Amino acid sequence: MAVQILLLSFFLLYTSSSITASDPCSSPSHSDLSIVHIHGPCSPFRRPRAASPMPWLDETKDLERVSYLANRPISAPVASGQAVGIIGNYVVRIKIGSPGQTMYTVLDTSSDVGWVPCTGCTGCGTAQFDTSSSTSYEPLDCTLPQCTFANGASCPTTGSSCLFNQSYGGDTLSAALARDVLVLGNGQVANYAFGCVTAVVSGGGGGSVPPQGLLGLGRGYMSMISQAGALAGVFSYCLPSFRSYYFSGSLKLGLTGQPTNIRTTPLLRNPHRPSLYYVNLTGISVGRVNVPIDPQFLAFDPNTGAGTIIDSGTVITRFVGPIYEAVRDEFKKQLTGPFTSLGAFDTCFTATNQAEAPTVTLHFTGLDLKLPVENTLIHSSSGSLGCLAMASAPDNVNSVLNIIASLQQQNLRIVFDTVNSHLGITREVCN
Ligand SMILES: *[C@@H]1O[C@H](CO)[C@@H](O)[C@H](O)[C@H]1NC(C)=O
Ligand SMILES: *[C@@H]1O[C@H](CO)[C@@H](O)[C@H](O)[C@H]1NC(C)=O
């Protein structure tokens, strides 16, 4: 309950701060998404800016071989970040180093390079990876190809370490590329290359940097998924309810143990945004009504970056303005009002009318995702209001992108298969 109060009060804060006239992201002068860093200030992936107990609510990369312990499914525990005080994102319990040191890293399908805060880091929290007590820790030289892939890497002289800076939600991380053993549940990735963060410099992101690091699950070269050797290229997760405090969700690696005979939709590739998992959203139904949507707002365009992605690091699903408005209007038609706004949500209603709320179904090529009620509605702290838990994309350069976010992915198994280039979704209760 306290969480819900915080949650909604943060939405309110966010809304009031996002309508300033000098919003640098409001100019539609650039159509090429490649110029906007995914975690830059104008990105829909932009992380929160205010230091908040609920920072996510703002918006809400083979190298080496893998050794794995047995020929059985590799699975690591996943929880809503609030289980460990990292509110707003989902975290996966990892161990890094020898012997392994436990960290709760944010699960991010839209990032490639992973990182953890290391001993002596300035601007980091107290949970830090003690490199000196790991016998397998190895800093990486800047002449290595991994260094070239790490964002912002430069190699001034041979024999120097691979240092790089990366922006994240308005803040900047300084890190040294290193490698060590990464243990994920009952499996491990040897020689996992990641950023050992030495400093976090606040640039208005205000505490948006995941305090215990990030596990990059994007499609790029430096992603843990690319580094996972024999297990590479296929993973799935089940995210428990964001209200849950249990590590009952899971991240499963490799083909073994993934659900079979499930509906899939093709994954699309955007060369300008190689980390992202694009899918073809072809329509949205509210109740029995297929909402009329101009296909231009759904179309995948690798040149502009337009289309639809599935993302674990964004909280609230965002549709481009015209899509959101059409969905919302149809939703309102089928439910008794009056309707009010609450924070980021503009379609809130008396909770007692909730039974009337129509089901929202996302249609993808080859796959229909009928959203469970908990993935469609969110409640006010008092429980008296229910709100349609989706919003319009921020009105900026990235407003062509539809993002299917984590609130809409609770208690589903989502399988990312880059080998066969498809994404599968099936219901799985993992609370
Ligand atoms: C990272 O940023 C810091 C602070 O701005 C700067 O001193 C340092 O040279 C940068 N490092 C790299 C590798 O760009
Ligand atoms: C997406 O689906 C639409 C409707 O079926 C189809 O016309 C379009 O070609 C598809 N786009 C891609 C990139 O597969």
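Residues numbered from 1 in each chain as written. Chains lettered and ligands numbered in written order. Predicted model: local features only at pLDDT ≥ 70, side-chain atom pairs only at ≥ 80, totals over all residues. Heavy atoms only, no water.

Spatial ordering of the open sheet is given by S19-S20-S24-S23, a layout of four strands whose pairing is antiparallel. Each end of this open sheet is capped by a strand with a single partner; those strands are strand S19 (340-342) and strand S23 (377-379). Here the average twist between neighbouring strands, direction ignored, is 45°. On the sheet, helix H4 (residues 321-333) packs against strand S20 (345-350), S23 and strand S24 (385-388) and is oriented at approximately 10° with respect to S20. (Pairing = 2+ DSSP bridges. Helix = DSSP H or I, 4+ residues; strand = E, 2+ residues; numbered from the N terminus. Axes fitted to C-alpha atoms, helices over the stretch in contact; angles between N-to-C directions. Contact = heavy atoms within 4.5 Å.)

Inspection of the region around ligand 1 gives Leu163, Asn165 and Ser174 as its neighbouring residues. Taken by itself ligand 1 offers 360 Å² of open surface, and the protein chains cover 35% of this. (Near = heavy atom within 4 Å. Areas by Shrake-Rupley, 256 points an atom, 1.4 Å probe, with all protein chains shown as cover.)

Now for the sheet that holds strand S16 (residues 289-290). Read from one edge of the open sheet, four strands run S16-S15-S21-S22, paired in antiparallel fashion. The open sheet has two edge strands, S16 and strand S22 (367-370), and neither has a second partner. Both strand S15 (residues 281-286) and S16 contribute to a ladder of two bridges, which runs antiparallel. The partner of Ser285 across the bridge, within S16, is Asn290.

Take the site of ligand 2 next. Lining the immediate environment of ligand 2, one finds Leu268, Asn280, Thr282, Phe300 and Thr365. Between Asn280 and ligand 2, the recorded distance is 2.3 Å, taken from a side-chain N or O atom to an oxygen atom. For the shell around ligand 2, the class distribution of residues is two nonpolar, three polar and no charged. (Polar contact = N/O pair within 3.5 Å; in protein donor to acceptor, adjacent residues only side chain to side chain. Nonpolar A, V, L, I, M, F, W, Y, C, P; charged D, E, K, R; others polar.)

Take H4 next. An ideal rise of 1.5 Å per residue puts 18 Å on 13 residues; H4 measures up with 18 Å between its terminal C-alpha atoms. For H4, the full list of buried residues reads Gly321, Ile323, Tyr324, Ala326, Val327, Arg328, Glu330 and Phe331. (Expected span 1.5 Å × (residues − 1). Buried < 20%, exposed > 50% of the residue type's maximum accessible area, 1.4 Å probe, protein only.)

Right, let's get into unusual backbone geometry. Residue Pro99 follows Ser98 across a cis peptide bond; omega there is -5°. Its place among the elements puts Pro99 in the loop between strand S3 (90-96) and strand S4 (101-108). Omega for the bond connecting Gly337 with Pro338 falls within 30 degrees of zero, at 0°, which places this linkage in the cis form. Positioned with a positive phi, Asn261 is a non-glycine residue whose angle comes to about 50°. Turning to its location among the elements, Asn261 is positioned in the loop between strand S12 (249-253) and strand S13 (264-268).

This next bit is on the environment of Asp171. Its location among the elements puts Asp171 in strand S8 (residues 171-184). Judged by relative accessible area, which is 2%, Asp171 ranks as buried. Separated by 37 residues in sequence, Asp171 and Ser208 place their C-alpha atoms 7.3 Å apart.

On to the packing of aromatic side chains. Enumeration according to the criterion identifies 13 aromatic pairs in this entry. Centre to centre, the rings of Tyr192 and Phe194 are 5.7 Å apart; their planes meet at 15°, and the pair counts as stacked. You can call Phe194 buried: its relative accessible area is 1%. Here the aromatic residues Phe129, Tyr137, Tyr192 and Phe194 are joined through ring pairs into a cluster of three or more. (Phe/Tyr/Trp six-rings, centres within 6.5 Å; stacked < 30°, edge-to-face > 60°.)

In this section: the pattern of salt bridges. Two side chains with opposite charge may pair up if their charged atoms get near one another. Scanning the entire structure with this criterion turns up six salt bridges. In this structure, Arg328 and Asp329 form a salt bridge, with 3.2 Å as the shortest nitrogen-oxygen distance. Residue class for Arg328 comes out buried when judged on its relative accessible area of 17%. Between Glu428 and Arg413 there is a salt bridge whose closest N-O contact spans 2.8 Å. Of this pair, Glu428 sits in the segment after strand S28 (422-427) while Arg413 sits in strand S27 (residues 412-417), and the two are 15 residues apart along the sequence. Overlapping salt bridges, with partners in common, bring together Arg328, Asp329 and Asp346 in one network. (Salt bridge = Lys/Arg side-chain N within 4 Å of Asp/Glu carboxyl O.)

Moving on to the state of the cysteines. The full count for this structure, using the stated rule, is five disulfides. Across the disulfide, Cys147 is cross-linked to Cys162 (sulfur-sulfur distance 2.0 Å). Residues Cys147 and Cys162 are joined by a disulfide whose S-S torsion is about 95°; by sign, that bridge is right-handed. On the criterion of sequence distance, the pair formed by Cys147 in helix H2 (residues 145-149) and Cys162 in the loop between H2 and strand S7 (163-168) is long-range, its members being 15 residues apart. For Cys147, a relative accessible area of 1% gives the class buried. Here Cys238 pairs with Cys430 through a disulfide, and the sulfurs are 2.1 Å apart. Judged by the torsion about the S-S bond (-90°), the Cys238/Cys430 disulfide is left-handed. (Disulfide = S-S within 2.5 Å.)

One ladder, built from three bridges, connects S13 with S28; its direction is antiparallel. Considered in S28, the bridge of Pro266 is made with His422. As paired elements, S27 and S28 share six bridges and run antiparallel to each other. Opposite Leu412, over in S28, you have Arg427 as the bridge partner. Counting the residues in the hairpin turn of S27 and S28 gives four residues, including Ser421, whose phi is positive at 55°.

Feature annotation in UniProt places "active site" (unreviewed entry) on Asp108 and Asp311, given in this structure's numbering. Judged by maximum C-alpha separation, these annotated positions cover 204 residues in sequence but sit close together in space, the widest gap being only 7.3 Å. Here Asp108 is to be found in strand S4. Under the relative-accessibility criterion, Asp108 is labelled buried at 0%. Within the secondary structure, Asp311 is located in the loop between strand S17 (307-310) and strand S18 (317-319). Among the polar contacts listed, one links the side chain of Asp311 to the side chain of Ser110, at a separation of 2.7 Å. (UniProt positions renumbered as here; feature names shortened; annotations may be inferred.)

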